[in-house]
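Tertiary structure, described
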Amino acid sequence: MFSVRLIFLILCIFFNGSLSKLERLDHPVTKSDGSLNILVVGDWGRQGGFNQSLVAHQMGIVGEQLDIDFVISVGDNFYDDGLKGDTDPAFEASFSHIYTHPSLQKQWYSVLGNHDYRGNVSAQLSHVLTQKDWRWFCRRSFVLCSGMVEFFFVDTNPFVEKYFTDPEDHTYDWSNVLPRDKYISNLLYDLDLEMKKSRATWKFVVGHHGIKTAGQHGVTQELVDQLLPILEENKVDLYINGHDHCLQHIGSDR
Ligand SMILES: *[C@@H]1O[C@H](CO)[C@@H](O)[C@H](O)[C@H]1NC(C)=O
Ligand SMILES: *[C@@H]1O[C@H](CO)[C@@H](O)[C@H](O)[C@H]1NC(C)=O
C-alpha cells in the first residue's frame, strides 16, 4: 500500500514537473556539416517604406550567399498598430510582397512587438495568415529545436510595466494575457522548465525588447529583474532582440 502510494506520488511529481504549455517545433538541419545559417530581422512592416524594401533586397542577397535555413523576426512586424484582422492587406503589403527574393522563401519564425500588441493579436497569430503565405509562423512564446541549437522565443511585451500604467494614447490588445502576473509567472516557469530539459549545445533566447541595451529605449528593468536570472541560471548563450532599431553586440564576462 505504502509503495503504491509512493509510486503514485512520484508519478504525479514527474508529470506535473515535466508539463510545460510551450509549443515545441523542430526545424531539421539540412546542411551535411550540421551548421545553421539564419537571418534575424525586426521592426520592419512598413509596406515597403522607411527603406524596408531596400533592406529586404539586401537580405535576399545575403540570404542567397549564406544559403539560409530560416528567418527569425523579433517583432514589430506591422507598423504602426499591428494587423486589424486576418484579412488586413498590410500582411501582403508588408510581408509577402516585400520579401520576394528566392533565398527568403524559407520558414519565418516570429514573435510579437509592442506595435503588434496595439492591433489585433489573435489575427497575427492566426493560421489564416499561414494559409495565405506558408512562411508565416508567429506565436507569443514557443521553443524551436534546430540541430545543435535550441531557440526559446519569449513574449516580452507583458513584462513592460508602462504599457499597462501609462499607455499614452495607445490601446493594447491584452486579451489572453490578463491577469498579467499569472501570465508572466506561467511563462517564466515554462521557460525555466524547457531550458532545464534542454540538452542542446547552444541555447538562444529571442524576444522583442532589449534586456541590457545602449539604445534609445534603455535597459528594460523588468527583464533584468525577472527574465535575466533565468537565462543566467540556465547558461543561455545568446539573447537576440529588436525594439531599438540599431545594431549592438553586448557581451558579458561570465
Ligand atoms: C532611406 O535611406 C536613405 C539613405 O540610404 C535616407 O536618406 C532616407 O531618409 C531613408 N528613407 C526613409 C523614409 O527613412
Ligand atoms: C481580430 O481578428 C480576428 C481574426 O481576423 C477576428 O475574428 C476578430 O473579429 C478581430 N477582432 C477585432 C476586435 O476586430
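If you're wondering where the values come from, they're calculated on a predicted model, not measured in any experiment. (Residues numbered from 1 in each chain as written. Chains lettered and ligands numbered in written order. Predicted model: local features only at pLDDT ≥ 70, side-chain atom pairs only at ≥ 80, totals over all residues. Heavy atoms only, no water.)

**Some thoughts on the UniProt feature "domain: Calcineurin-like phosphoesterase" (unreviewed entry) in the protein**
Filter applied, for reference: UniProt positions are given in the numbering used here, feature names are shortened, and annotations may be inferred rather than shown by experiment. Only DSSP runs of H or I with at least four residues qualify as helices, and only runs of E with at least two residues qualify as strands; both kinds are numbered from the N terminus onward.
The UniProt record annotates "domain: Calcineurin-like phosphoesterase" (unreviewed entry) at residues 37-246. Taken end to end, residues 37-246 is 31% helix and 16% strand, and its first and last C-alpha atoms sit 21 Å apart.

**Focus on the environment of Gln52**
Short version of the rule: Contacts are residue-level and defined by heavy atoms, with any inter-residue pair within 4.5 Å sufficient. Throughout this description, a polar contact denotes any pair of N or O atoms lying within 3.5 Å of each other; where both atoms belong to protein, one of them has to be capable of donating a hydrogen while the other can accept it, and for residues adjacent in sequence the pair is counted only when both atoms sit in side chains.
Within the secondary structure layout, Gln52 lies in helix H2 (residues 52-66). Counting along the chain gives 47 residues from Gln52 to Tyr99, while the straight-line C-alpha distance between them is 9.5 Å. Setting aside residues no more than four positions away along its own chain, Gln52 makes contact with Trp44, Gly45, Arg46, Gln47, Ser94, Ile98 and Tyr99. Engagement of the side chain of Gln52 in a polar contact is seen with the backbone nitrogen of Gln47, the distance being 3.3 Å.

**What to know about the side chain of Ser94**
Among the secondary structure elements, Ser94 is positioned in helix H3 (residues 90-96). Once residues within four sequence positions are removed from consideration, Ser94 is found in contact with Trp44, Gly45, Arg46, Gln47, Gln52, Phe78 and Tyr99.

**Topic: the site of ligand 2**
Quick note on the threshold: Proximity is defined per residue: any heavy atom of the residue falling within 4 Å of a molecule or strand makes that residue near it. For the area figures, the Shrake-Rupley method with a 1.4 Å probe applies, and any residue is considered shielded solely by the protein chains shown. Side-chain classes follow a simple rule in which Ala, Val, Leu, Ile, Met, Phe, Trp, Tyr, Cys and Pro form the nonpolar group, Asp, Glu, Lys and Arg form the charged group, and the remainder, Gly included, forms the polar group.
Around ligand 2, the structure places Lys84, Gly85, Asp86, Asn120, Ser122 and Ala123. One of the side-chain nitrogen or oxygen atoms of Asn120 is found 2.3 Å away from an oxygen atom of ligand 2. Protein chains bury 37% of the 360 Å² of accessible surface belonging to ligand 2 in isolation. Taken together, the residues of the shell around ligand 2 break down into one nonpolar, three polar and two charged.

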